[in-house]
Each structure stands twice: as C-alpha cells, then as structure tokens.
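Each chain, letter by letter, is given below.
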Amino acid sequence: MRATIMHAPGDVRVEDRDRPTIQRPTDAVIRVAAACVCGSDLWPYRGADKVSRPSPMGHEYVGTVEEVGDDVKNVRPGQFVVGSFFASDNTCEICRAGYQSGCVHRQGVGGAQAEYLRVPLADGTLVATPETPDAGRVPSLLTASDVLGTGWFAAKAAEVGPGKTVAVVGDGAVGILGVMAAKQLGAERIIAMSRHAERQALARDFGATDIIEERGDAGVRKIKQLTDGLGAHSVLEAVGTQESMMQAIHATRAGGHVGFVGVSHDVALPGRDLFYSHVHLHGGPAPVRQYLPELIDLILRGTINPGRVFDLELPLDQAPEAYKAMDERRAIKVLLRP
C-alpha cells in the first residue's frame, strides 16, 4: 500500500509499505476513505519535534472496516467508521469519566495518511455511522476525528455557554472549528484572533462576531476594550506557544476559563501571574471519543458543516505538497484521498 513517511524535518515521502494486519484480537483494519495533515504534524516537519527515524504519519481518519480481531464486537467489516487519534478501551474508570484520551490502556493511532490503517482497541475507539455516508459528508466526518473534536473540547473546557463572550487564540483548523463549537454551545459573542483574510471570513461564517488582528499584549488590550475592561468569560487556546498561552490567560476575566488544546512547546507559566489571575485552566489532548456520537449526529443531520475548513484536497501521493502548503500557510487544512 501507499503510505506517508516523514524521514526528517521537511522530508516527507509517499512510499510502498506492507498493508497492516490484525496483530491483537482487539484490532481492526480499515480502508482509509480520507485522511489529512494536522497542525501538530508541522511541529516535526519544522524541526521543533525530533524525527529520530522514518515515521508513518497521520492520526485523523475515516474509512470502511476491512477486518476485525476475534474480540471486536462493536464494529464489523463493511461499516463506515470515524475514530479518534488516541485508542481507548472506553470502559476504564478514566474513560467512563469522559477522558478517553487519558485511558489507562491508551495507545496512539498513527499512520493514517495511507491506504489502510490498523486501529487498536477498536471497540472503544471507532464509532460507526448508521450507513455509509455520501461523499459530501466525508470531509466533515473527518474533522470529527480530531480538529472538530479538539475545538469542541476546548470550548467545553473553557465553560462556553449562553450569554458568554468567547475569544479564540489561533486561526488554524482547531481554532476556526473552536469558533463553530462556541456558536453551537450558545456563546453570545465570539472574538476570533486572526491576521488572514480567508481565515477571518471562514471564522465569521462559523459564528465569529468580532475579529482581532493584534497578538500578544496588543491583542489582550483589544479584547479588554471589547469587554468593558474585564476580559472574555472563556478563551480557547489553540496554538501551544508561550505567547499564545499568556495571551489567553491575560485575556480572560477573573473567574473565567481557558481551554487549552494547542500542543505545548516550551510553555512555562509564571506562578505569580496565575495566582493573581483567578483564571481556571483546563485542557490537554482532547477526549475526542467522548464527543464522536454527538458530532457525527450533528454532521449527518446537516446542522454543521465543518468540512469547509479543508481548503485544499490532494491525492495521497501528493502528501509532500500538502505539508508544504500548510507549512507556508497557503492552506488552512489539507484533505488527502488515498
């Protein structure tokens, strides 16, 4: 099969690899219908994360079940499924509390930018759609695998709700879909922070009421100006840098909430700032599996269309161009078709 492999920073290739097989009785193998490049894939691509050996890439996926292990009961061959980027049993105490990404048997799912994918802990990780969706729904269902679920978790972690003002730090796919999540959860005012016209327009389409182009302290001042000097009730942090995290904390009013889902890189939080902020911090790897049934239903009913976040679609063999386009910010998010 064809699969995307990262050999070194900036060095992505599509190569022939062995098709995955069932290794454990709890596994499933799916034929990938669509995958994509994630913003977190750009960390190793840019050299911020070490690439020590050739690594199969991709953790967002939808597809059709080809084969299941003997212990798999919840999905069967022929079903169209959506899965999360962490495999979980969905039965342990942590999973039952809604934090499947912290499952005691958690395993990473990797190698989704390929024709086939082995998914461990299939019963707890995969959710089947009622029937095979039409092609137009596939991109939106793919977002549920990560970026929509992550934006949704950011909004939930930030206690977004009716009557609240929400600020979103980050205009990548997660940030833009965080805007959508905030709208669905009833936010009264949604401030998107972006300097890019195309991303601003999509954020407005998804529910943003205000756009702020400034960053850092200047961005914080703008948010304070829009909120009577208090700051937002809820702030979604979807970048993962020191600047973005501090901007999120400082833009939140006393007693407010920050939902942080950007993969943290060299973030160090000053204790005194935290102590006097009275800000709640909650985040981490999104428990996407918790939200999959709800998100799939919203998508299939046509209530939301998050697939619009894909502004470039390429065949799998052009995965290197997909990485380049996202790295150069020529694309918000690239969908790959095996």
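Everything quoted here is computed from the prediction, not taken from an experiment. (Residues numbered from 1 in each chain as written. Predicted model: local features only at pLDDT ≥ 70, side-chain atom pairs only at ≥ 80, totals over all residues. Heavy atoms only, no water.)

Chemist: Help me understand the overall build of the chain in this model?
Modeler: When its secondary structure is counted, the chain shows 12 helices and 18 strands. Whereas a compact globule of 338 residues would reach a radius of gyration of roughly 20 Å, the chain reaches 19 Å, a difference of no more than 12%. Referenced to the eigenvectors of the C-alpha coordinate spread, the extents of the chain come out at roughly 60 × 40 × 40 Å. Within the chain, the fraction of its 338 residues that count as buried is 54%. Roughly 14300 Å² of accessible area belongs to the chain as shown, and the carbon and sulfur atoms make up 46% of that amount. Across the chain, the mean location of the 36 positive side-chain charges is 3 Å away from that of the 41 negative side-chain charges. (Helix = DSSP H or I, 4+ residues; strand = E, 2+ residues; numbered from the N terminus. Rg over C-alpha atoms; globule rule 2.2 N^0.38 Å. Buried < 20%, exposed > 50% of the residue type's maximum accessible area, 1.4 Å probe, protein only. Areas by Shrake-Rupley, 256 points an atom, 1.4 Å probe, with all protein chains shown as cover. Lys, Arg positive; Asp, Glu negative; His and termini not counted. Charge placed at Lys NZ, Arg CZ, Asp CG, Glu CD.)

Chemist: Is there a simple way to think about the sheet that holds strand S16 (residues 280-283) in this case?
Modeler: Strands pair in a sheet through their backbones, by hydrogen bonds, and they do so in one of two ways: parallel or antiparallel. Reading across from one edge, S13-S12-S11-S14-S15-S16 is the order of the six strands in this open sheet, with parallel pairing throughout. Each end of this open sheet is capped by a strand with a single partner; those strands are strand S13 (210-212) and S16. Adjacent strand axes in the sheet meet at a mean angle of 20° when their direction is disregarded. (Pairing = 2+ DSSP bridges. Axes fitted to C-alpha atoms, helices over the stretch in contact; angles between N-to-C directions.)

Chemist: Teacher, can you tell me more about the state of the cysteines here?
Modeler: Each disulfide consists of a covalent bond between the sulfur atoms of two cysteine residues. For the coordinates displayed, the defined rule picks out zero disulfides. Unpaired in terms of disulfides, cysteine 36 finds its nearest cysteine sulfur in cysteine 38, a separation of 7.1 Å. Take cysteine 38: its relative accessible area is 7%, and that puts it in the buried class. (Disulfide = S-S within 2.5 Å.)

Chemist: Explain unusual backbone geometry here, please?
Modeler: As a rule of thumb, non-glycine residues mostly have phi less than zero, and peptide bonds are mostly trans rather than cis. Phi is positive for asparagine 90, which is not a glycine, with a value near 65°. Take asparagine 90: it is sitting in the loop between strand S7 (86-87) and helix H2 (93-96). The phi dihedral of aspartate 228 falls on the positive side, at around 55°, and the residue is not glycine. Along the chain, aspartate 228 turns up in the loop between helix H8 (216-226) and strand S14 (232-237). For aspartate 228, a relative accessible area of 74% corresponds to the exposed category.

Chemist: How should the packing of aromatic side chains be read in this particular structure?
Modeler: The geometry of an aromatic ring pair is captured by the separation of the ring centres together with the interplanar angle, meaning the angle of the planes. Inspection of the entire model under this criterion finds four aromatic pairs. With a centroid separation of 6.4 Å and 85° between ring planes, the pair formed by tyrosine 99 and phenylalanine 153 is classed as edge-to-face. Residue tyrosine 99 is located in the loop between H2 and strand S8 (107-108), and its partner phenylalanine 153 is located in helix H5 (residues 147-157); the two are separated by 54 residues in the primary sequence. Over the ring of tyrosine 116 we find arginine 19; its NZ or CZ atom is 4.1 Å from the centre of that ring. It is arginine 106 that lies over the ring of phenylalanine 86; its NZ or CZ is 4.5 Å from the centre. (Phe/Tyr/Trp six-rings, centres within 6.5 Å; stacked < 30°, edge-to-face > 60°. Lys NZ or Arg CZ within 6 Å of the ring centre and 35° of its normal.)

Chemist: Help me understand the sheet that holds strand S2 (residues 11-16), please; the structure alone is not making it clear to me.
Modeler: The antiparallel open sheet is built from three strands, whose spatial order is S2-S1-S4. The open sheet has two edge strands, S2 and strand S4 (55-56), and neither has a second partner.

Chemist: Would you take a moment to explain the packing of helix H6 (residues 173-184) against helix H7 (residues 197-206) for this structure?
Modeler: Describing two packed helices takes the angle between their axes plus the distance from one axis to the other. Two elements in contact, H6 and H7, have axes whose closest approach is 8 Å; the angle formed by their N-to-C orientations is 15°. By the angle class used here, H6 and H7 are roughly parallel. The handedness of the crossing between H6 and H7 comes out as right-handed. Along the contact surface, H6 presents Ile176, Leu177, Val179, Met180 and Lys183, while H7 presents Arg199, Leu202, Ala203 and Phe206. Split by residue class, the contact of H6 with H7 holds seven nonpolar, no polar and two charged. (Parallel < 35°, antiparallel > 145°, perpendicular 65-115°, else oblique. Left-handed = near helix turned anticlockwise from the far one by under 90°. Contact = heavy atoms within 4.5 Å. Nonpolar A, V, L, I, M, F, W, Y, C, P; charged D, E, K, R; others polar.)

Chemist: Sorry if this is basic, but what is going on with the packing of H5 against helix H11 (residues 288-300) here?
Modeler: Packing of H5 against H11 leaves a shortest axis separation of 10 Å and a crossing angle of 110°. By the angle between their directions, the pair H5 and H11 is classed as roughly perpendicular. Two secondary-structure elements touch here, H5 through Leu148, Gly149, Thr150, Trp152, Phe153 and Lys156 and H11 through Val288, Tyr291, Glu294, Leu295, Leu298 and Ile299.

Chemist: I would appreciate a short explanation of the pattern of salt bridges in the present structure.
Modeler: One side chain can pair with another of opposite charge once the charged atoms of both are near each other. Within the structure shown, the criterion is met by 17 salt bridges. A salt bridge links aspartate 317 to arginine 2, with the nearest nitrogen and oxygen atoms 3.0 Å apart. Of this pair, aspartate 317 sits in the loop between strand S17 (312-315) and helix H12 (319-327) while arginine 2 is found in strand S1 (residues 2-8), placing the two residues 315 residues apart along the sequence. Taking the relative accessible area as the measure of exposure, aspartate 317 reaches 48% and is therefore partly exposed. On the accessibility criterion, arginine 2 (25% relative accessible area) is partly exposed. (Salt bridge = Lys/Arg side-chain N within 4 Å of Asp/Glu carboxyl O.)

Chemist: Just to check I follow, could you spell out the pairing of strand S5 (residues 61-68) for this structure?
Modeler: In the case of a regular strand, side chains alternate between the two sheet surfaces. Pairing of strand S3 (residues 28-36) with S5 involves seven bridges; the strand directions are antiparallel. Directly across from isoleucine 30, in S5, lies its bridge partner valine 65. Judged from the three bridges that link them, S5 and strand S6 (residues 80-83) form a sheet pairing that is antiparallel. Bridging across to S6, valine 62 finds its partner in valine 82.

These results come straight from atomic positions and should not be treated as a statement about function.
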